[in-house]
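Here is how the chains run, residue by residue.
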Amino acid sequence: MQLSASASTLLVIVLVVHVDLVRSRGGRGGGGGGGRVGGGGRGSSAGRSSGRGSSSGSRGGGFSTFSSRTGIGSVARSSSLKSAAAGHITYQAGKGIIKTPGTPFMWNIRPYYWGYNHYQYRSGYDMCSMPLINSTDDTFNDVFFDNDTRPEIIVWDCHASSEYCCGYECCPSENEPISIWAIIGLIVGAIILLPVLLWGAFYIWYLVADCNSGKKEENENRGKKVKNQNKLLSTHN
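- Under an unreviewed UniProt entry, the name given to the chain is CX domain-containing protein, and the organism recorded is Plectus sambesii.

This is how it looks when you write it as structure tokens:
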């Protein structure tokens, strides 16, 4: 009964930790579907002067910022994104006209959309966005819709469990949440190991107690023997 109570306590602790992780992740990445619906405008306007985009939360769903380096997530990779969109853009008199605004183009096996209204939600992904009108990157300054207005924002998504928005792409998460399989393994391992550890501790205690009992009995027998010898000596004398 004591073992069952211990296992139950451990299970409760593990589940509480898991719930905290999920809530924490939700605040960063899942943070709500509301971010997908209404947060886009705020993210877009905030990013016009700072070069930031928005999505449904932070890190894996938060503000998409450019890296200061030249690698993944940097402004230097903006030209690669524009090259990927070249098939959807026709140039006329120095202007790039988006032929089919509702059709996404692919870059690094990810679909990119010309605005929130064209974005197609995918389960397990967090939406990211980056304003195309900002002081940090002017790569798309010559790109327009056919009504001569400029696209204000570009939208894509990243894996919610392993990536976060950075630049115009996705960077791998440094801290990934504990998977359900890891929790199950922890619980099963604890259930299996706990009785083994208890039996091991009991066996060691038994050996120590038995050894101490044997020594005590040996000392008592030795004392009796010495006492008897002393009696014999005193009788002969």
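There is more to say, and it comes next.
A closer look at the overall build of the chain
Reasoning step 1: The helix and strand inventory of the chain stands at five helices and nine strands.
Reasoning step 2: Along the chain, from the amino end to the carboxyl end, the secondary structure elements read α-α-α-α-β-β-β-β-β-β-β-β-β-α.
Reasoning step 3: Every one of the 237 residues in the chain was classed for burial, and the buried ones make up 32%.
Reasoning step 4: In the chain, the share of contacts with a sequence separation of at least 24, taken over all contacts with a separation of at least 6, comes to 66%.
Reasoning step 5: Of the accessible surface of the chain, which amounts to about 14,300 Å², a share of 59% is contributed by carbon and sulfur atoms.

As for the state of the cysteines
Reasoning step 1: Across all of its chains, the model carries three disulfides by this definition.
Reasoning step 2: Residue C158 pairs covalently with C170 via a disulfide, S to S 1.9 Å. A torsion of -90° about the S-S bond marks the disulfide between C158 and C170 as left-handed. On the criterion of sequence distance, the pair formed by C158 in strand β7 (residues 153-159) and C170 in strand β9 (residues 169-172) is long-range, its members being 12 residues apart. For the pair formed by C158 and C170, the shared burial category is buried.
Reasoning step 3: Across the disulfide, C166 is cross-linked to C171 (sulfur-sulfur distance 1.9 Å). Because the sign of the S-S torsion sets the handedness, a value of about 90° for the bond joining C166 and C171 places this disulfide among the right-handed ones. With respect to class, C166 is no different from C171; both count as buried.
Reasoning step 4: What links to what in the chain: the bonded cysteines, counted in sequence order, pair as 1-3, 2-5, 4-6.

Some details on the pairing of β9
Reasoning step 1: Sheet topology places strand β8 (residues 163-166) next to β9; four bridges connect them, and they run antiparallel. Within the sheet, the bridge partner assigned to C166 lies in β9 and is E169.
Reasoning step 2: Where β8 folds back on β9, the antiparallel hairpin that results is connected by two residues, among which G167 adopts a positive phi of roughly 60°.

A look at the UniProt feature "transmembrane region" (unreviewed entry) in the chain
Reasoning step 1: Mapped onto this numbering, the UniProt entry gives "transmembrane region" (unreviewed entry) at residues 180-206.
Reasoning step 2: Here residues 180-206 is 100% helix and 0% strand, with 39 Å between the C-alpha atoms at its ends.

A few points about the pattern of salt bridges
Side chains that differ in charge, positive against negative, can pair when their charged atoms come close.
Reasoning step 1: Within this structure, the stated rule accounts for five salt bridges.
Reasoning step 2: The partner of D148 in a salt bridge is K95, with the nearest N and O atoms 2.7 Å apart. Taken together, the residues span a long stretch of sequence, with D148 in the loop between β6 (143-144) and β7 and K95 in strand β2 (residues 95-98) at a distance of 53 residues.
Reasoning step 3: With relative accessibility at 46%, the residue D148 sits in the partly exposed group.
Reasoning step 4: Here E163 and R110 are joined by a salt bridge, their closest N and O atoms 3.2 Å apart. In this pair, E163 sits in strand β8 while R110 sits in strand β4 (residues 110-112), placing the two residues 53 residues apart along the sequence.
Reasoning step 5: Judged by relative accessible area, E163 falls into the buried class, the value being 14%.
Reasoning step 6: Here R110 falls in the buried class, since its relative accessible area comes to 13%.

Looking at the packing of aromatic side chains
Reasoning step 1: This model, assessed by the stated rule, comprises 11 aromatic pairs.
Reasoning step 2: Residues F66 and Y168 carry aromatic rings whose centres are separated by 5.3 Å and whose planes lie at 70° to one another, so their mutual orientation is edge-to-face. Of this pair, F66 sits in the loop between α3 (39-50) and α4 (78-84) while Y168 is found in the loop between β8 and β9, placing the two residues 102 residues apart along the sequence.
Reasoning step 3: By relative accessible area, which is 2% here, Y168 ends up buried.
Reasoning step 4: Ring geometry for W107 versus Y112: centroids 5.9 Å apart, planes at 55°, classification tilted. Each member of the pair, W107 as well as Y112, is classed as buried.

Rules of the game
Residues numbered from 1 in each chain as written. Predicted model: local features only at pLDDT ≥ 70, side-chain atom pairs only at ≥ 80, totals over all residues. Heavy atoms only, no water. Helix = DSSP H or I, 4+ residues; strand = E, 2+ residues; numbered from the N terminus. Buried < 20%, exposed > 50% of the residue type's maximum accessible area, 1.4 Å probe, protein only. Contact = heavy atoms within 4.5 Å. Areas by Shrake-Rupley, 256 points an atom, 1.4 Å probe, with all protein chains shown as cover. Disulfide = S-S within 2.5 Å. Pairing = 2+ DSSP bridges. UniProt positions renumbered as here; feature names shortened; annotations may be inferred. Salt bridge = Lys/Arg side-chain N within 4 Å of Asp/Glu carboxyl O. Phe/Tyr/Trp six-rings, centres within 6.5 Å; stacked < 30°, edge-to-face > 60°.

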